[in-house]
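Take a look at the letters that make up each chain.
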Amino acid sequence: MMEDGGTKPDDGGTKPDDGESNAAGQGDSEENSTEKKPGTDETETKLGENTGEREDGETGNDKTDEKVDQKDSKESDKSPDGQTNNQSSGELLPSGAQSELLNETTTQSGSWSTQAAESKNEKETQKSANQQGGYTWKLCNVTAGPDYIPCLDNWQAIKSLHSTKHYEHRERHCPEEPPTCLVSLPEGYKRPIEWATSREKIWYHNVPHTKLAQIKGHQNWVKVTGEFLTFPGGGTQFKHGALHYIDFINESVPDIAWGKQTRVILDVGCGVASFGGYLFDRDVLTMSFAPKDEHEAQVQFALERGIPAISAVMGTKRLPYPGRVFDAVHCARCRVPWHIEGGKLLLELNRVLRPGGFFVWSATPVYQKLAEDVEIWQAMTELTKAMCWELVSITKDTINGVGVATYRKPSSNDCYERRSKQEPPLCEASDDPNGAWNVPLKACMHKVPVDSLERGSQWPEKWPARLGKTPYWMLSSQVGVYGKPAPEDFTADYEHWKRVVSNSYLNGIGINWSSVRNTMDMRSVYGGFAAALKDLNVWVMNVITVDSPDTLPIIYERGLFGIYHDWCESFSTYPRSYDLLHADHLFSKVKKRCSMAAVFAEVDRILRPEGKLIVRDNVETINELENMARSMKWEVRMTYSKDKEGLLCVQKSMWRPTESETLTYAIA
């Protein structure tokens, strides 16, 4: 057992085998480290196991070294009604002095700091000030300006493509070296409007694009209204509002049971994501995506509204999600040619859809009789039949004047085995349905799991019971990411994050949660952080890094969602997308593979001005990040350290550099 007081996380551990056993793989064992949480009086293991004793039975208190530095809540953290967030350093350290003391076993120093603590803090402050000069930031001079997405705006790569037939020009083409410059702010940018008002209107100057309003205004996508862009809640297929359309789908197919049976869905070609935005009212979490294309800034509008979305396209590669995780997939006039090339794109939806899950298709071939529509409908009928999808409903929404066809994926292999013609073919047994990072599309279908202990053989518990329930395929014989038997690992992780969130994040670090909506866990494991926030009006994008154990299927099984990503590259989102980023032992791992300055520049890109970054990591990494944050004129809200473990909370400022750097590959 470790000494009381955290040590540097052990980076040992191996990535588990690919496939369904991933949840059980040996992973990083850093959660064995100990750290005292702000707002609590005890030192606790990250997974709640620490007894405070060394193996020899002695307490390690005389060895610990704690430092807390918390800033008072500033004007920027006032709620909209002008009330300052009622958190102070007193709530962070409820017992005793406001300034943190060196722990002593017998005596306490009362209200007075020790000379050792004062001298150490001053030396560290001076050292920090000296190191700040080490970072010089410049503004990115790029064609996309304030909307720059490095992996989607690489014009040098796009111009050299041999073909754009399969939307290759909308796919990710990351620069060889990730940029270390900062993205500019739109002129007149101001703090985004809070949820849920933001669903109906956003500041025009934050996303100053009017083209979509001109093209789609008659379909009630978006309109320009004075200094606001307003969203009447319509879409191409639901001009009279998303909620009516959502309820119409449920009435047509009651088994969909929004928010109970169907909790996590994928919306393809989402536009401004009103469908996903209003599904929150039915307790449904929607992963919406659309390409960065001529429908200018559609995904940026969605994110500014507080609705989850990413920039992506159905092109030549698999979507960055595991197999068999979405309860339903929706496409409303999403302009995807499902029926061509052996149904390759529809087969990709088949990969990510749960057995027994629904595909909801609302498009003109369902209800119009033009020659092209009839032709597409016939092709789709043949393809879905060959894929063993059951057409469970075709209904006409008379208010919106559209038709909806709903298909169901089989939950057994009987139909596959009865097919007279093996087209589309079944995938080879060696083909991993979870392999999804830069993997080319394949026109084949994976067999449905039938073993009762294999993921995908059973439907998850109904929401919200599924959130806290250990997935049925996590077995005690398997080892979890933190070294315990997998079910215990899962439960301990959830308990840990509930404790951290309630004791520390909600009250201890000065965050006004009413101003937080779009949240990202940059290095999630089981989704415990997101699960602990379930009662707040936030959504959390859980990121599973490509070099971590693949626990993303577990996150989906809980009724949460997430994505695979490599932080040595830019994320597929617009600048200023997130209110809060959370990074638990991410940076110390990433810096072994790529430039820390580039990763922090990416953090700056996707975080909104006045947005917060919470980092838990080793002290060396925390100090490095604090210096970077200060060099960008960010406000350091709180730092906390105990032995070699630290916590940092910083707030991004409106500051932008005056000098610029031209990225030639990003000039159109």
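Before any of the text, the structure's been laid out above.
Only a predicted model underlies this, so the values are computations on that prediction, with no experimental measurement involved.

Asker: Account for the overall build of the chain, naming residues and giving values.
Answerer: Scanning the chain from terminus to terminus reveals 18 helices and 22 strands. Within the chain, contacts between residues separated by at least 24 positions form 71% of all contacts whose residues are at least 6 apart in sequence. Taken as a whole, the chain presents about 26,100 Å² of accessible surface, with 48% of it coming from carbon and sulfur.

Asker: Go over the sheet that holds strand E7 (residues 228-230), please, and point to the residues and values.
Answerer: Pairing is antiparallel in the open sheet, where three strands are placed in the order E5-E7-E6. Looking at which strands have only one partner, the edges of the open sheet turn out to be strand E5 (201-203) and strand E6 (223-225). Across the sheet, the axes of successive neighbouring strands diverge by a mean angle of 30°, strand direction being ignored. Sheet topology places E6 next to E7; three bridges connect them, and they run antiparallel. Looking across to E7, one finds that Val224 is bridged to Leu229.

Asker: Residue-level account of the state of the cysteines, with values.
Answerer: Evaluated as defined, the whole model comprises six disulfides. One disulfide in the model links Cys331 with Cys334; its S-S distance is 2.0 Å. Note on the Cys331 and Cys334 pair: the S-S dihedral is about -90°, so by sign convention the disulfide is left-handed. The two residues Cys331 and Cys334 agree in class, both being buried. Across the disulfide, Cys568 is cross-linked to Cys594 (sulfur-sulfur distance 2.1 Å). The disulfide joining Cys568 to Cys594 has a torsion of about -80° about its S-S bond and is therefore left-handed. Of the two residues, Cys568 is situated in the loop between strand E17 (562-565) and strand E18 (578-584) and Cys594 in the loop between helix H16 (587-590) and helix H17 (596-606); the sequence distance between them amounts to 26 residues. Since its relative accessible area comes to 16%, Cys568 is described here as buried. Taking the relative accessible area as the measure of exposure, Cys594 reaches 16% and is therefore buried.

Asker: Account for empty space enclosed by the protein, with residues named and values stated.
Answerer: One simple way to see leftover space: roll a probe sized like a water molecule over the atoms. Inspection of the entire model under this criterion finds 12 cavities of 30 Å³ or more. Here the largest cavity defines a volume of roughly 290 Å³. Residue lining of the largest cavity: 20 residues in total, with Arg172, Ala312, Arg318, Pro320 and Ser572 positioned closest to the centre. It is E17 that provides the largest number of residues to the lining of the largest cavity, a total of three residues. For the lining of the largest cavity, the residue count by class is 11 nonpolar, four polar and five charged.

Asker: Summarise the packing of aromatic side chains; cite the residues concerned and give the values.
Answerer: By the definition in use, this model includes 24 aromatic pairs. Aromatic side chains Phe326 and Tyr556 sit 5.1 Å apart centroid to centroid with 75° between the ring planes, which places their arrangement in the edge-to-face category. Separated by 230 residues along the polypeptide, Phe326 in strand E11 (residues 326-332) and Tyr556 in helix H15 (residues 552-557) bring together distant segments of the chain. One exposure class covers both Phe326 and Tyr556, and it is buried. Ring centres of Phe600 and Trp634 lie 5.1 Å apart, and the angle between their planes is 40°; on these two criteria the pair is classed as tilted. Taken together, the residues Phe600 in helix H17 and Trp634 in the loop between helix H18 (619-631) and strand E20 (635-642) connect sequence positions 34 residues apart. In terms of burial, Phe600 and Trp634 fall into one category: buried.

Asker: I'd love a proper account of the sheet that holds strand E8 (residues 264-268), names of residues and values included.
Answerer: Strand order across the open sheet formed by seven strands is E10-E9-E8-E11-E12-E14-E13, with mixed pairing between neighbours. The open sheet is flanked by strand E10 (309-311) and strand E13 (390-397), the only strands paired with a single partner. Between one strand and the next, the sheet's axes are offset by a mean angle of 20°, whatever the strand orientation. One ladder, built from five bridges, connects E8 with strand E9 (residues 285-290); its direction is parallel. Each bridged residue has a counterpart across the sheet, and for Val268 the counterpart in E9 is Phe289. Packed on one face of the sheet, helix H9 (residues 344-352) meets E8, E11 and strand E12 (353-362) and runs near 135° to E12. Contacts from helix H11 (residues 371-386) reach E12, E13 and strand E14 (402-408), with the element oriented near 175° to E12.

Asker: Please provide a residue-by-residue account of the nonpolar core, values included.
Answerer: One finds Leu266, Trp338, Phe359 and Trp361 to be the most contacted residues of the largest nonpolar core, which totals 126 residues. Residue contributions to this core peak at seven residues, all from H17. Core analysis: the second largest hydrophobic core is formed by 19 residues, Tyr245, Phe248, Val360 and Val404 among them.

Asker: Pulling in residues and values, what's your account of the packing of H17 against H18?
Answerer: Taken N-terminus to C-terminus, the directions of H17 and H18 make an angle of 60°; their axes are 11 Å apart at the nearest point. Between H17 and H18, the angle is such that the two are oblique. The interaxial crossing formed by H17 with H18 has right-handed handedness. Contact with H17, carried on its side by Met596, Ala597 and Phe600, involves Thr621, Glu624, Leu625, Met628 and Ala629 of H18 and no other residues of that element.

Asker: So, the pairing of E13: which residues are in play, and what are the values?
Answerer: In the sheet, E13 pairs with E14 via seven bridges, with the strands oriented antiparallel. Across the sheet, the residue bridging to Lys396 is Gly403, located in E14. Taking the residues that link successive antiparallel strands as the turn, the E13-E14 hairpin has four residues, and the phi of Gly401 there is positive, at about 70°.

Asker: Could you give an account of the pattern of salt bridges, with specific residues and numbers?
Answerer: Here the structure, examined in full by the defined rule, presents 30 salt bridges. Between Lys165 and Glu341 there is a salt bridge whose closest N-O contact spans 3.9 Å. One end of the pair, Lys165, is in the loop between helix H3 (155-159) and helix H4 (197-200); the other, Glu341, is in the loop between E11 and H9, and 176 residues separate them in sequence. According to the relative accessible area criterion, Glu341 is partly exposed, its value standing at 37%. In this structure, Glu602 engages Arg605 in a salt bridge whose closest nitrogen and oxygen atoms are separated by 2.8 Å. Placement of both Glu602 and Arg605 in helix H17 is noted, with a separation of three residues, approximately one turn of the helix.

Conventions adopted
- Residues numbered from 1 in each chain as written.
- Predicted model: local features only at pLDDT ≥ 70, side-chain atom pairs only at ≥ 80, totals over all residues.
- Heavy atoms only, no water.
- Helix = DSSP H or I, 4+ residues; strand = E, 2+ residues; numbered from the N terminus.
- Contact = heavy atoms within 4.5 Å.
- Areas by Shrake-Rupley, 256 points an atom, 1.4 Å probe, with all protein chains shown as cover.
- Pairing = 2+ DSSP bridges.
- Axes fitted to C-alpha atoms, helices over the stretch in contact; angles between N-to-C directions.
- Disulfide = S-S within 2.5 Å.
- Buried < 20%, exposed > 50% of the residue type's maximum accessible area, 1.4 Å probe, protein only.
- 1 Å grid on protein atoms, 1.4 Å probe; cavity = no way out; pocket = protein on both sides within 12 Å on 5 of 7 lines; lining within 4 Å.
- Points joined across faces, edges and corners; volume = space filled by probe spheres on them.
- Nonpolar A, V, L, I, M, F, W, Y, C, P; charged D, E, K, R; others polar.
- Phe/Tyr/Trp six-rings, centres within 6.5 Å; stacked < 30°, edge-to-face > 60°.
- Core = buried A, V, L, I, M, F, W, Y, C linked by side-chain atoms within 4.5 Å.
- Parallel < 35°, antiparallel > 145°, perpendicular 65-115°, else oblique.
- Left-handed = near helix turned anticlockwise from the far one by under 90°.
- Salt bridge = Lys/Arg side-chain N within 4 Å of Asp/Glu carboxyl O.

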